[in-house]
Amino acid sequence: MTNVLFDAPGPVARRNSLIASIAGGIAILGGLVWIFFTLNAPRGDLPGYFDPSRWDIFADPTVWRYIFVAGVWGTLRAALTAAVFAVALGIVFSLLRSARTAWIRIPTAIVLEFVRGMPVLLMMLFILLVLNTGSFWAVVAALTLYNGALIGEALRAGLAALPRGQREAGLSLGMRPMQSKMLIEFPQAFRQMLPIIIAQLVVLLKDTSLGYIVGYVELLRVNMNQLASFYGNYYLFSFFVVTLVLYLAMNLSLSWFARWVARRTARRTGQKPPNPDEENEELLMGVAKANAESRQMGQGSI
């Protein structure tokens, strides 16, 4: 495919790009080495952060058992529960938001804008303090509402991006508009937006760490509060590194799964796999198109 935005780089540009890449890599490597030696430097009578005495507690299987049973499982339990409800709620929001009837579409749009504009932590605190649901359901309900609204907008963008002939083909077969949307249009939109939905679930998984504020026992609270308090601040940095590595492992695994689904979906549909860096831009363009069509339908109905 020919690039129409800029010409292909010549030999000089490629050489300059290679030199800049090498220089940047050396600078990053130097920065990492400086950070390592700075953190490993002794602090008065205490050894550096990478001293073996600060990591000896991880030789105890009981520590790892508590980290995984209480911390990792608590994070995954809240994330999996919220993900199922968020996808289901997103489907409902997308159908209501794309309805032709104004008295259904407009209130749904108001609810979506309200939910998307409210911080997730504020929703958790409101649900916990006002509804008295407990910390687990406060985390799950807040993540469900927020991510369900975003998934609903993604699915609506997928519906708006479908060719008009898909709907006309369903109507020509004698289907009602809702039948055509559910049996023909929505499965295609869901398949096209599946990589973006999974990418949003990565954000949902990371946002479970906000449960630390409302007292939910998850990975961050187990490592940085309970275990660090039990073993003392001497091991605080060690628990921080372990928490970071575990979060990265879970999030990168889910991100890899999103890219795999994108490539598999592209092979089935015969399209080019989407670039993960362009997913947010494509989503915004789809939402803008959906908003324009919604305004046109609203003007026509009025």
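Residues numbered from 1 in each chain as written. Predicted model: local features only at pLDDT ≥ 70, side-chain atom pairs only at ≥ 80, totals over all residues. Heavy atoms only, no water.

### Let's talk about the UniProt feature "transmembrane region" (unreviewed entry) in the protein
Mapped onto the present numbering, the UniProt feature "transmembrane region" (unreviewed entry) falls at residues 18-37, 63-96, 108-130, 136-155, 193-214 and 234-258. As a span, residues 193-214 carries 68% helix and 0% strand, and end to end its C-alpha atoms are 32 Å apart. Regarding residues 234-258, the helix share stands at 92% and the strand share at 0%, and the terminal C-alpha atoms are separated by 38 Å. (UniProt positions renumbered as here; feature names shortened; annotations may be inferred. Helix = DSSP H or I, 4+ residues; strand = E, 2+ residues; numbered from the N terminus.)

### Section: the packing of aromatic side chains
If you walk through the whole model with that rule in mind, you get 16 aromatic pairs. Relative to tryptophan 137, the ring of phenylalanine 136 has its centre 5.0 Å away and its plane inclined at 75°; by these criteria the two rings are edge-to-face. Given the relative accessible area of 14%, phenylalanine 136 is considered buried. What makes tryptophan 137 partly exposed here is its relative accessible area of 44%. Arranged with centres 6.2 Å apart and planes meeting at 40°, the rings of tyrosine 231 and phenylalanine 239 form a pair that is tilted. The class of tyrosine 231 is partly exposed, set by a relative accessible area of 28%. Pairwise contacts between aromatic rings join Trp55, Phe58, Trp64, Phe68, Phe230, Tyr231, Tyr234, Tyr235 and Phe239 into one cluster. Above the ring of tyrosine 234, the side-chain terminus of arginine 54 is found at 4.5 Å from the ring centroid. Above the ring of tyrosine 212, the side-chain terminus of arginine 221 is found at 5.6 Å from the ring centroid. (Phe/Tyr/Trp six-rings, centres within 6.5 Å; stacked < 30°, edge-to-face > 60°. Buried < 20%, exposed > 50% of the residue type's maximum accessible area, 1.4 Å probe, protein only. Lys NZ or Arg CZ within 6 Å of the ring centre and 35° of its normal.)

### Considering the nonpolar core
Formed by 54 residues in total, the largest nonpolar core has its most connected members in Ile67 and Phe239. For this core, the secondary structure elements donating two or more residues are α2 (61-97), α3 (102-117), α4 (120-131), α5 (135-161), α7 (177-207), α8 (219-231) and α9 (236-269). The residues contacting phenylalanine 239, other than those within four sequence positions of it, are Ile57, Phe58, Val63, Asn223, Met224, Leu227, Ala228 and Tyr231. (Core = buried A, V, L, I, M, F, W, Y, C linked by side-chain atoms within 4.5 Å. Contact = heavy atoms within 4.5 Å.)

### Considerations on the packing of α2 against α7
Between α2 and α7, the shortest axis-to-axis distance is 11 Å and the interhelical angle comes to 145°. Note on packing geometry: the crossing formed by α2 with α7 is right-handed. Contacts between α2 and α7 involve Thr75, Leu76, Ala79, Ala82, Ala83, Ala86, Val87, Ile91, Ser94 and Leu95 from the first element and Lys181, Met182, Phe186, Phe190, Ile197, Leu201, Leu204 and Leu205 from the second. Grouping the constituent residues of the contact of α2 with α7 by class yields 15 nonpolar, 2 polar and 1 charged. (Axes fitted to C-alpha atoms, helices over the stretch in contact; angles between N-to-C directions. Left-handed = near helix turned anticlockwise from the far one by under 90°. Nonpolar A, V, L, I, M, F, W, Y, C, P; charged D, E, K, R; others polar.)

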